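# Geometric and topological summary
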Amino acid sequence: MIRLKALTKYYGDIRAVHSLTFSVARGEVFGLLGPNGAGKTTTIRMLTTLTKPSSGRAWVAGYDVVEEPLAVKRRIGIAPQHLNLDGELTARENLEFHGRLYHMPRSERRRRIQELLAFVGLEERADDLVENFSGGMKRRLLIARALMHSPEVLFLDEPTVGLDPATRRKIWDLIRSLRSEGVTVLMTTHYIEEAEQLCDRVGIIDRGELIALDSPSQLKRRLGSFTVEVYHSGRAERRFFPTREEALEYGAEHARCDACDFSVRETNLEDVFIELTGRRIE
Amino acid sequence: MDFLVVFERELLTFRRRFWRYFFAGMVNPLLLLTAFGWGLGRGIQLEGVSYLNYVVPGIIALSTMNASFTSVGVALNISRRYTKTFENYLVAPIEAHSIVLGKVLGGVLRGLLSAAIIVVLAHLYGAEVSLSAEAVATILATSFLFASLGMLVGMLIWSHEDMNTFNALFITPMMFLSGTFFSLQAVPAWVAALIKLLPLTHASLCLRAAMLGREFPTASFAVLLAFALAFFLASILAVRRSSQ
């Protein structure tokens, strides 16, 4: 559904995205994981026709994003990072105008609006002005709007940034139910847990380059599913092992002094990121 | 008919804020009519008519310009830079000309409201001006022209401060220079020639002739239409090129 071939973007001399090549299959939830400024948003902007690539090509739902932008636009939904809802309109009006821009017939608009307001739990606020909504409500409405015209591909740029844990879980549930409906999702996030929880595959992106791409479990397995951290005199050393036993063994052996200690836990994507880049993600 | 969706969104907020726009739109004309038409102009004759009658078409022209230009330009600037709602149009499967036409018609509406307010106020002040068909056509062309200019400037300018700079450099001087308050016969020919480069000059020339029952300057009206078309087309190009 999405294909990138050496997609590159320069802003002047600054290289925002460098030669990205990967594909996302139909019905897949694909995550672009990386720190702020890694080039995630620029990548989404190119795939959604908002920004022209400097070089390389990309296809969404079978159409070239530069050559056939209208065909691409008809088939995609976008929930940008900034909450760009129309605050002067009500939730219902936001969805209504959106549906009209995508040429949905009136009866279908009405049905879909009801369905989506229920889906994101905003039925009771349907006729309130959006400028009075909380951040979490706006985020949910933003996703509803992106889904309004039943897009084949959904782009979610940092769908839970700045939300409290409860609202974040709600958004995660929404994304999970999208997967069960077969919508192809490309999302960006700098939250490790989010990528682990939701994504079938994760592309780790750093300084505009793709440095790893696989399912979260494969990425972790490749590094070693278990992590042992050995602490001595205030420093922590991290090692990875395929089994818990090996990790425990290593820990016991290397934490022998009085002030030493160690712990064993399951490897997470952040470990993968740090190992690949030598830096933390946030 | 995608432009209708864009326009109807403008129409909806226009209806919602009508009274706010209405009262805000009355302040400037009241000040201008009081200061120039009533205070300063009492007893003065210009080009054979009372100064109040002379100045009302000028005030209509400049207020129409201000309302159309500002409502489109400022809103566009905010929706591109701050609320980012303009992006919703850019990612929607609609053509640039639909976006521009919808937004510009929204600005035309604001220009028409502003003109209507002054026509009513002017009559209350005792002005004897007629709202002929040519006058209405001129008001429509003027509001379309400046709404398109607002669109163009809003697309080209990113910072809010530069928007103010544009106002200070072009819009405000035009307000006072374009034969709105004084007769072009009163200034040297070369100054008059320069002033005729400004689009608003042709709006006030047309409007004054139409409202005072003089011969309608079709050449000036053609200039108005040409400016309007040029700004409109340039806005479409600017929207098309906004993805970089």
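Our subject is the structure that appears above.
Let me sum up the structure you'll find in this document. This is a predicted model, so every value here is computed, not measured.

The rules behind the values
- Residues numbered from 1 in each chain as written.
- Chains lettered and ligands numbered in written order.
- Predicted model: local features only at pLDDT ≥ 70, side-chain atom pairs only at ≥ 80, totals over all residues.
- Heavy atoms only, no water.
- Helix = DSSP H or I, 4+ residues; strand = E, 2+ residues; numbered from the N terminus.
- Rg over C-alpha atoms; globule rule 2.2 N^0.38 Å.
- Buried < 20%, exposed > 50% of the residue type's maximum accessible area, 1.4 Å probe, protein only.
- Core = buried A, V, L, I, M, F, W, Y, C linked by side-chain atoms within 4.5 Å.
- Contact = heavy atoms within 4.5 Å.
- Buried area = accessible area lost by both parts, 1.4 Å probe.
- Salt bridge = Lys/Arg side-chain N within 4 Å of Asp/Glu carboxyl O.
- Polar contact = N/O pair within 3.5 Å; in protein donor to acceptor, adjacent residues only side chain to side chain.
- Nonpolar A, V, L, I, M, F, W, Y, C, P; charged D, E, K, R; others polar.
- Pairing = 2+ DSSP bridges.
- Axes fitted to C-alpha atoms, helices over the stretch in contact; angles between N-to-C directions.
- Parallel < 35°, antiparallel > 145°, perpendicular 65-115°, else oblique.
- Expected span 1.5 Å × (residues − 1).
- Phe/Tyr/Trp six-rings, centres within 6.5 Å; stacked < 30°, edge-to-face > 60°.
- Lys NZ or Arg CZ within 6 Å of the ring centre and 35° of its normal.
- Left-handed = near helix turned anticlockwise from the far one by under 90°.

## Considering the overall build of chain B
- Helix and strand counts for chain B stand at ten helices and two strands.
- Along chain B, helices and strands appear, N-terminal first, in the series α-α-β-β-α-α-α-α-α-α-α-α.
- Computed over its C-alpha atoms, the radius of gyration of chain B comes to 18 Å, within 12% of the 18 Å expected for a compact globule of 244 residues.
- Each principal axis of the C-alpha atoms in chain B carries an extent, and together these give about 60 × 40 × 35 Å.
- Looking at the 244 residues of chain B, the share that counts as buried comes to 54%.

## A look at the nonpolar core
- Formed by 106 residues in total, the largest nonpolar core has its most connected members in Val-60 and Leu-186 of chain A.
- Per-element accounting of this core gives the leading share, 13 residues, to helix α3 (residues 51-81) of chain B.
- Dropping the residues within four chain positions of it, Leu-186 of chain A is found in contact with Ile-2, Phe-22, Val-24, Phe-30, Leu-32, Ile-44, Leu-47, Leu-154, Phe-155 and Leu-156 of chain A.
- The next biggest cluster of nonpolar side chains, apart from the first, holds 45 residues, and it includes Ala-144, Leu-154, Ile-175 and Val-183 of chain A.

## Thoughts on the interface of chain A and chain B
- Facing 27 residues of chain A, the contacting portion of chain B comprises 22 residues.
- Buried area between chain A and chain B, both sides added, is near 2,400 Å², and the carbon and sulfur share of it is 54%.
- Summed over the three residues of chain A that lose the most area to chain B, namely Leu-50, Glu-88 and Leu-101 of chain A, the buried surface amounts to 27% of that side.
- Taken together, chain A and chain B are joined by six salt bridges.
- Across the pair Arg-17 of chain B and Glu-88 of chain A runs a salt bridge whose closest N-O atoms are separated by 3.5 Å.
- In this assembly, chain A and chain B are joined by 13 residue pairs in polar contact (both at pLDDT 80 or more).
- Sort the elements by how many residues they give to the side of chain A that touches chain B and helix α3 (residues 91-101) of chain A lands first, with four residues.
- Among the residues making up the side of chain A that touches chain B, the classes are represented as eleven nonpolar, six polar and ten charged.

## Regarding the sheet that holds strand β11 (residues 226-232) of chain A
Residue and element names in this part refer to chain A.
- Ordered by their spatial adjacency, three strands build an open sheet running β12-β11-β13, and the pairing between neighbours is antiparallel. For this open sheet the edge positions go to β12 (235-241) and β13 (261-266), each flanked by a neighbour on one side alone. Averaged over all neighbouring strand pairs, the angle between strand axes comes to 20°, with direction disregarded.
- Relative to β13, β11 runs antiparallel, the two being bridged by six bridges.

## Section: the packing of α3 of chain B against helix α7 (residues 160-177) of chain B
Residues and elements named next belong to chain B.
- Two elements in contact, α3 and α7, have axes whose closest approach is 12 Å; the angle formed by their N-to-C orientations is 170°. On the basis of their axis angle, the class for α3 and α7 is roughly antiparallel. Contacts between α3 and α7 pair Leu-62, Met-65, Asn-66, Phe-69, Gly-73, Val-74, Asn-77 and Arg-81 from the former with His-160, Met-163, Phe-166, Asn-167, Ile-171, Met-174 and Met-175 from the latter.
- Residues belonging to the contact of α3 with α7 are distributed by class as follows: nine nonpolar, five polar and one charged.

## Here we look at the sheet that holds strand β4 (residues 55-60) of chain A
Residues and elements named next belong to chain A.
- Strand order across the open sheet formed by four strands is β2-β1-β4-β5, with antiparallel pairing between neighbours. On the outer flanks of this sheet lie β2 (14-24) and β5 (63-64), each paired with one strand and no other.
- Bridge analysis of strand β1 (residues 2-11) against β2 gives seven bridges, and the strand direction is antiparallel. The residue of β2 that forms the bridge with Tyr-11 is Ile-14.

## Some details on helix α5 (residues 135-147) of chain A
- Between its terminal C-alpha atoms α5 of chain A stretches 19 Å, which fits the 18 Å expected from 13 residues at 1.5 Å a residue.
- Residues of α5 of chain A that are buried sit in contact with β6 (76-79), α3, α4 (106-119), β7 (153-157) and α6 (165-180) of chain A together with α4 (86-91) of chain B.

## Brief notes about the environment of Glu-152 of chain A
- By the element assignment, Glu-152 of chain A lies in the loop between α5 and β7.
- In this structure, Glu-152 of chain A is in contact with Met-1, Ala-61, Arg-75, Val-183 and Thr-184 of chain A, ignoring residues within four places of it in sequence.

## Remarks on the pairing of β6 of chain A
Residue and element names in this part refer to chain A.
- On β6, burial covers both faces: Ile-76 and Ile-78 on one face and Gly-77 and Ala-79 on the other are all buried.
- Note: β6 against β7, four bridges, orientation parallel. Directly across from Ile-78, in β7, lies its bridge partner Phe-155.

## Some remarks on the packing of aromatic side chains
- This model, assessed by the stated rule, comprises 18 aromatic pairs over all chains.
- On the numbers, 5.1 Å between centres and 85° between planes, the contact of Phe-18 of chain B with Trp-19 of chain B is edge-to-face.
- Overall, Phe-18 of chain B belongs to the partly exposed group, its relative accessible area being 23%.
- Counting every residue linked through ring pairs, the aromatic cluster contains Phe-14, Phe-18, Trp-19, Tyr-21, Phe-22 and Phe-23 of chain B.
- Between the NZ or CZ atom of Lys-9 of chain A and the centre of the ring of Tyr-11 of chain A, over which it lies, the distance is 5.1 Å.
- Sitting over the ring of Tyr-54 of chain B, Arg-208 of chain B keeps its end group 3.7 Å from the ring centre.

## Quick word on the packing of helix α8 (residues 216-223) of chain A against helix α10 (residues 269-277) of chain A
Residues and elements named next belong to chain A.
- Two numbers describe how α8 lies on α10: the axes approach to 9 Å, and their chain directions differ by 55°. Classified by the angle between their axes, α8 and α10 sit oblique to one another. At the point where α8 passes α10, the crossing takes the left-handed sense. Of α10, the residues touching α8 (which contributes Pro-216, Leu-219, Lys-220 and Leu-223) are Leu-269, Asp-271, Val-272 and Glu-275.
- Within the contact of α8 with α10, the residues separate by chemical class into five nonpolar, no polar and three charged.

## Looking at the side chain of Glu-28 of chain A
Residue and element names in this part refer to chain A.
- Here Glu-28 lies in the loop between β2 and β3 (29-33).
- Given a relative accessible area of 9%, Glu-28 falls into the buried group.
- Separated by 2.8 Å, the side chain of Glu-28 and the backbone nitrogen of Ala-25 make a polar contact.
- Looking at Glu-28, its side chain comes within polar contact range of the side chain of Arg-201, at 2.4 Å.
- When near neighbours in sequence (up to four residues on either side) are disregarded, Glu-28 contacts Val-183, Thr-184, Val-185, Asp-200 and Arg-201.

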